[in-house]
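Breakdown of the fold
Listed below, chain by chain, are the residues.
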Amino acid sequence: MEQYAQKKVDFMMLKAKLNFIKLSLIAAALLILISWLFIFIVEDASISALFSAKNALHTKQFFQGLVGIHEEQPAFFNIESWKDALSLTYDTLMISIIAIGFSAIGMLLTVIPAARNAAEGTLTLSRKWYNWLIFGFIRCIYVFSRSVPELVWAMVIVFVLKPGILPGALALALHNFGILGKLCAEVVEDLDMRPVRNLASSGASSGQLLFYGVLPAVMPKFITYMLYRWEVIIRTTIVVGFVGAGGLGQQFKLSMSWFHYTDVTLILICYLLLVGFVDLFSEGCRRLQK
Amino acid sequence: MTVNKMFVLKNISKTYGEMRALSSLSLIVEKGEMIALIGPSGAGKTTLLNILANTILPDSGEVIVDGITLHAYKSTKQFADKVGMIRQQFDLVGHLKVIHNVLAGRLKDWGFFKALLSLIIPQDSKIAESALEKVGLKDKLYERTSSLSGGEQQRVAMARLLVQNPQAVLADEPVASLDPVRAKDILYMLTKLASEEQQTLIASLHSVEYARKYFKRIIALQAGRVYFDLPVEKVTEELLSSLYSLEEEKQHE
Amino acid sequence: MNKRSYLSTILIIVFLFSLTSIQWNKELFHSGGGETLLQIIKSLFQPDLSISTLLLALKSAWITLAYAVTGISLALLIAFILGILASGVLFNSGFGRWLSFGVFRGTLSFMRAIHELVWAWLFVAAIGLSPFAAIFALAIAYGGALGRVFADILNDVPQEPLNALKSSGASKLHILLYAYLPMTASNMLSYTMYRFECAIRSSAIMSFVGLGGLGYQIQLSLSELRYHEVWTFMFFLIVLVSAVDLWSNMLRKRLIL
Ligand SMILES: Nc1ncnc2c1ncn2[C@@H]1O[C@H](COP(=O)(O)OP(=O)(O)O)[C@@H](O)[C@H]1O
Ligand SMILES: [Mg+2]
């Protein structure tokens, strides 16, 4: 009888699950429909204007500019331009490394109290009422920092700091701090607690538990997440450069506004090389870890 | 000469790296036979069935299916009309409704658009219904396949095979993951349906007891060779115990 | 373990080295930068809550959302097609498979290697200021990211049901319809929802190429030094992102049946 009741409950839960999915799909479809209507009607997007003759000419000119058809010496055949671009590429790489470093430090300083099991006291085996307060506070900061895009952080930071490497790195770090924090707190929450309890029963203190029980177990995953975020950061570094945070992005902006399109091509080449390099490097690190 | 033969195997060999899965195996299966394939695990049962089903190729030897050598078959459809296979319930797509899993047996006769349409409005649903009725699952037509039990899923796989309607049915350990009651149920149904449809049936089995109860001819494999190939009445306890004890000796060495 | 501590040491050294590329002195700050910082922080606790600002924020939030939705829906379409082609499930073997891996995977990598805002800028340069510049930029960057993951998901399905269908005479396209897609649909949907949250943020920064919305308002308020307003729009952005995140999490939890 009890088993039957259990089955019935399971079935109802499945039904509720499916209903939620169905409702969500309908809502999503409606949202898509309304959004497109909005774009076409209110925002006045017109596909025919997109394919007008004027536009075609414009597009053609732009692409010719990119490949440097009417230029005597396109930037990508010029050694001096390459030197400049490569030095900017190096700056960009540095920005990304500083950014991931800062966000990792911030994350490591906050991640333990931001884990639910630490707040409950099961992780460090010490239960204090204010743990929940700290937990909630840090989680709010995580949400806050990751909801604001890097570029917006950069726009705010350049009010305080002069343009250069640091503001870009800080903007990227602020955004990724929240993301890393959330990801890594989940790693701590999913930790296998048995080794920690063993240590505790052999008389280790809270600090010892942290350094000998928890950190070694979560570090590999942390590093994986850091490498993964680094790959994302390198793509975004160019964007924070748009607001004066240095590197390839700043140059991209300048070249675009002066219509130096072959410079743009050169910058894009360097950018792609950098992205490819970082992907390979981080893949290699992950291999090394296994 | 081979008119009435469903399968003719001549000197089939298959090796995986160093491992000899089948060595120079020959076999003749008449149409309409009911054969159980037994033997210790690793004897080559799965390999043999897969070769018959044309899902793996032998290293050497010839396979003739209904009078035509394997490589003379022009399309998967032509071959699917001759031979169908069921393994364990993993063969089904759990995310689909039961009816679509059953109708997948018709795909060989359908074009792309009919197949697509059928996912929205089931085509030829009468066929699926009658097949499911035969395996006793008529009321589950529109349920999600993954919500069915293991035994029920195995019956859905049989319904798919009924829809596909091949001349020969191969079954690789069809009841391996089922409890005894369900296992008997499935084997009973499998043999009954095969004889109703006048199909040839070859099933590999773990249990000698089931082989004796539901089949007419037993082929025992041992280290990639035929150890014995006899009508059920002639299979003795001594033969069986030596079949499985050889294996133990090998393991002790 | 040893290898791991090597790796950590190397990463730490690389980080310390990167710090030397900054000249650490007072020159880093604007004169009066400290006061500006204080002002910005102070206004964080007193966001502008006047009705007109709130209405404007609401309208901007809708624009940001609408562009994110159109962008990601187009991205989904692109990713679906390219992802299937790049997974190679439609090709038998040999040349076709090799081609699909090379060409389509390469295309997807290229699409996602370049940041959406860079795409947007290139589009503006090529087709002029148009809502489509932002939408196409989102669609391409996210299409590349989604497509790559879709291809991996398709390559990851259990093989038994596929083989069973194949041996019952189904063609590659049949198998796509009756096995690959039903087995992967919920995973694909789940990943798309996950990226939807990021798309909101990307849509907000499209203000940089002249698109309206929350990012645009933030930019405007900043340039007029109205920090109280800046935070109002920021909070709207945070709420929007969190709401989408919540929905996406709830849906994802239930999609894993
Ligand atoms: N894909 C494979 N790769 C390598 N060895 C295999 C493979 N499939 C089967 N074998 C080997 O071939 C032998 C026969 O296997 P199989 O036909 O599965 O036996 P059975 O089904 O009777 O248990 C075994 O020794 C097995 O290890
Ligand atoms: Mg086997």
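Residues numbered from 1 in each chain as written. Chains lettered and ligands numbered in written order. Predicted model: local features only at pLDDT ≥ 70, side-chain atom pairs only at ≥ 80, totals over all residues. Heavy atoms only, no water.

**Side note on the interface of chain C and chain B**
- With 17 residues of chain C in contact, the opposing surface of chain B contributes 26 residues.
- In total, chain C and chain B occlude about 1900 Å² of area from one another, counting both sides; carbon and sulfur atoms represent 67% of this.
- Together, S168, L177 and Y178 of chain C form the three largest contributors to the area buried by chain C at its contact with chain B, with a combined 34%.
- The tally of links from chain C across to chain B stands at 0 salt bridges.
- Where chain C meets chain B, there are 3 residue pairs in polar contact (both at pLDDT 80 or more).
- Elements with a minimum of two residues in the side of chain C that touches chain B: helix 7 (160-167) and helix 8 (172-205) of chain C.
- Here the side of chain C that touches chain B gets 7 residues from one element, more than from any other, and that element is helix 8 of chain C.
- Grouping the amino acids of the side of chain C that touches chain B by side-chain chemistry returns 11 nonpolar, 4 polar and 2 charged. (Contact = heavy atoms within 4.5 Å. Buried area = accessible area lost by both parts, 1.4 Å probe. Salt bridge = Lys/Arg side-chain N within 4 Å of Asp/Glu carboxyl O. Polar contact = N/O pair within 3.5 Å; in protein donor to acceptor, adjacent residues only side chain to side chain. Helix = DSSP H or I, 4+ residues; strand = E, 2+ residues; numbered from the N terminus. Nonpolar A, V, L, I, M, F, W, Y, C, P; charged D, E, K, R; others polar.)

**Quick notes on the site of ligand 1**
Residue and element names in this part refer to chain B.
- Taken together, Y16, M19, A21, P40, S41, G42, A43, G44, K45, T46 and T47 form the complete shell of residues around ligand 1.
- Between an oxygen atom of ligand 1 and a main-chain N or O atom of K45, the distance comes to 2.9 Å.
- T46 places a side-chain nitrogen or oxygen 2.6 Å from an oxygen atom of ligand 1.
- A total of 560 Å² of accessible area belongs to ligand 1 in isolation, and the protein chains cover 61% of it.
- Sorting the residues of the shell around ligand 1 by element identifies strand 2 (19-30) and helix 1 (45-52) as the ones contributing at least two each.
- Ranked by residue count, the leading element in the shell around ligand 1 is helix 1, at 3 residues. (Near = heavy atom within 4 Å. Areas by Shrake-Rupley, 256 points an atom, 1.4 Å probe, with all protein chains shown as cover.)

**Some details on the packing of aromatic side chains**
- Counting across every chain of the model gives 29 aromatic pairs over all chains.
- Ring plane angle 80 degrees and centroid distance 5.4 Å describe the contact between Y142 of chain A and F177 of chain A, whose orientation is recorded as edge-to-face. Here Y142 of chain A is found in helix 6 (residues 130-147), whereas its partner F177 of chain A is found in helix 8 (residues 165-189), with 35 residues between them in sequence. Across the pair, exposure class does not vary: Y142 of chain A and F177 of chain A are buried alike.
- Aromatic pair Y191 of chain C and Y194 of chain C: ring centres 5.7 Å apart, planes at 45 degrees, arrangement tilted. You can see Y191 of chain C and its partner Y194 of chain C sitting in helix 8, 3 residues apart, about one turn around the helix.
- Connected via pairs of aromatic rings, a cluster forms that spans W36 and F40 of chain A together with F110, W119, F123, F132 and F136 of chain C.
- The ring centre of F20 of chain A lies 4.3 Å from the NZ or CZ of R254 of chain C, which sits over that ring. (Phe/Tyr/Trp six-rings, centres within 6.5 Å; stacked < 30°, edge-to-face > 60°. Buried < 20%, exposed > 50% of the residue type's maximum accessible area, 1.4 Å probe, protein only. Lys NZ or Arg CZ within 6 Å of the ring centre and 35° of its normal.)

**Here's the deal with the interface of chain A and chain C**
- With 77 residues of chain A at the interface, the matching set in chain C holds 74 residues.
- Regarding the contact of chain A and chain C, the summed buried area is about 7000 Å², with carbon and sulfur atoms giving 79% of it.
- In this assembly, chain A and chain C are joined by 1 salt bridge.
- A salt bridge links D245 of chain C to R146 of chain A; its shortest N-O distance comes to 3.5 Å.
- Where chain A touches chain C, the interface holds 10 residue pairs in polar contact (both at pLDDT 80 or more).
- Ranked by residues supplied to the side of chain A that touches chain C, first place goes to helix 1 (residues 2-41) of chain A with 17 residues.
- Of the residues in the side of chain A that touches chain C, the class split is 58 nonpolar, 11 polar and 8 charged.

**Quick look at the packing of helix 8 of chain A against helix 10 (residues 206-240) of chain A**
All names here are of chain A.
- The contact between helix 8 and helix 10 brings their axes to 10 Å, and the two run at 150 degrees. Classified by the angle their axes make, helix 8 and helix 10 are roughly antiparallel. Remark: the crossing between helix 8 and helix 10 carries right-handed chirality. Residues G168, A171, L172, H175, N176, I179, L180, L183, C184, V187 and V188 of helix 8 pack against V218, K221, F222, Y225, M226, Y228, R229, I233, T236, T237 and V240 of helix 10.
- In the contact of helix 8 with helix 10, the residues fall into 15 nonpolar, 5 polar and 2 charged. (Axes fitted to C-alpha atoms, helices over the stretch in contact; angles between N-to-C directions. Parallel < 35°, antiparallel > 145°, perpendicular 65-115°, else oblique. Left-handed = near helix turned anticlockwise from the far one by under 90°.)

**Examining the domain arrangement of chain A**
- Partitioning chain A into domains gives domain 1 (9-45) and domain 2 (78-289).
- Placing a centre on the C-alpha atoms of domain 1 of chain A and another on those of domain 2 of chain A gives a separation of 33 Å. (Domains from an automatic or database assignment.)

**Quick notes on a nonpolar patch on the surface**
Residue and element names in this part refer to chain A.
- A cluster of nonpolar residues, L23, I26, L30, L33, I34, L37, F40, I41, V42, I47 and F51, forms a patch on the protein surface that exposes about 1100 Å² of accessible area.
- Looking at which element gives the most residues to the nonpolar patch, the answer is helix 1, with 8 residues.
- With respect to the helices and strands, the residue L37 is situated in helix 1.
- Owing to a relative accessible area of 45%, L37 belongs among the partly exposed residues under this scheme. (Patch = residues over 30% accessible without salt bridge, like charges linked within 9 Å, V, L, I, M, F, W, Y side chains within 5 Å.)

**Some points on the arrangement of the chains**
- For the 2 pairs of chains in contact, the largest share of contacts goes to chains A and C.
- There is a gap between chain A and chain B: no contact, and a shortest C-alpha distance of 10 Å.

**Some words on the sheet that holds strand 1 (residues 5-16) of chain B**
Residue and element names in this part refer to chain B.
- Sheet architecture is open: 4 strands sit in the order 2-1-4-5, paired in antiparallel fashion. If you trace the sheet from one side to the other, it starts and ends with strand 2 and strand 5 (68-69), each paired once.
- Examined bridge by bridge, strand 4 (residues 60-65) and strand 5 share 2 bridges and lie antiparallel to one another. Residue pairing for strand 5: V65 is matched across the bridge by I68.
- Packing of helix 1 onto the sheet brings it into contact with strand 1, strand 2 and strand 4, and relative to strand 1 it is tilted by some 125 degrees. (Pairing = 2+ DSSP bridges.)

**Things to note about the packing of helix 7 (residues 150-157) of chain A against helix 10 of chain A**
Residues and elements named next belong to chain A.
- Remark: helix 7 packs on helix 10, axes separated minimally by 10 Å, with the N-to-C direction vectors making an angle of 40 degrees. Relative to helix 10, the element helix 7 lies oblique. Remark: the crossing between helix 7 and helix 10 carries right-handed chirality. Residue-level inspection shows E150, L151 and A154 of helix 7 in contact with helix 10, the latter providing T236, V239 and V240.
- Of the residues assigned to the contact of helix 7 with helix 10, the class counts are 4 nonpolar, 1 polar and 1 charged.

**Notes on unusual backbone geometry**
Residue and element names in this part refer to chain B.
- Not every positive phi belongs to a glycine, and N11 is a case in point at roughly 50 degrees.
- Take N11: it is sitting in strand 1.
- Judged by relative accessible area, which is 45%, N11 ranks as partly exposed.
- With a phi close to 65 degrees, N54 is a non-glycine residue in the positive phi region.
- Tracing the backbone through its elements, the reader meets N54 in the loop between helix 1 and strand 4.
- Judged by its relative accessible area of 30%, N54 falls in the partly exposed class.

**Describing the domain arrangement of chain B**
Residues and elements named next belong to chain B.
- Domain boundaries in chain B define domain 1 (1-82 + 167-253) and domain 2 (91-165).
- Computed from C-alpha coordinates alone, the two centres of domain 1 and domain 2 are separated by 26 Å.
- Contacts between domain 1 and domain 2 engage 15 residues on the former and 13 residues on the latter.
- Summing both sides of the interface, domain 1 and domain 2 together bury roughly 1300 Å²; the carbon and sulfur share of this comes to 62%.
- The largest per-residue losses of area from domain 1 upon contact with domain 2 belong to I186, M189 and L193, which jointly make up 32% of the total buried on that side.
- Between the two partners, domain 1 and domain 2, sit 3 salt bridges.
- K134 is paired through a salt bridge with E197; the nearest N and O atoms lie 3.4 Å apart.

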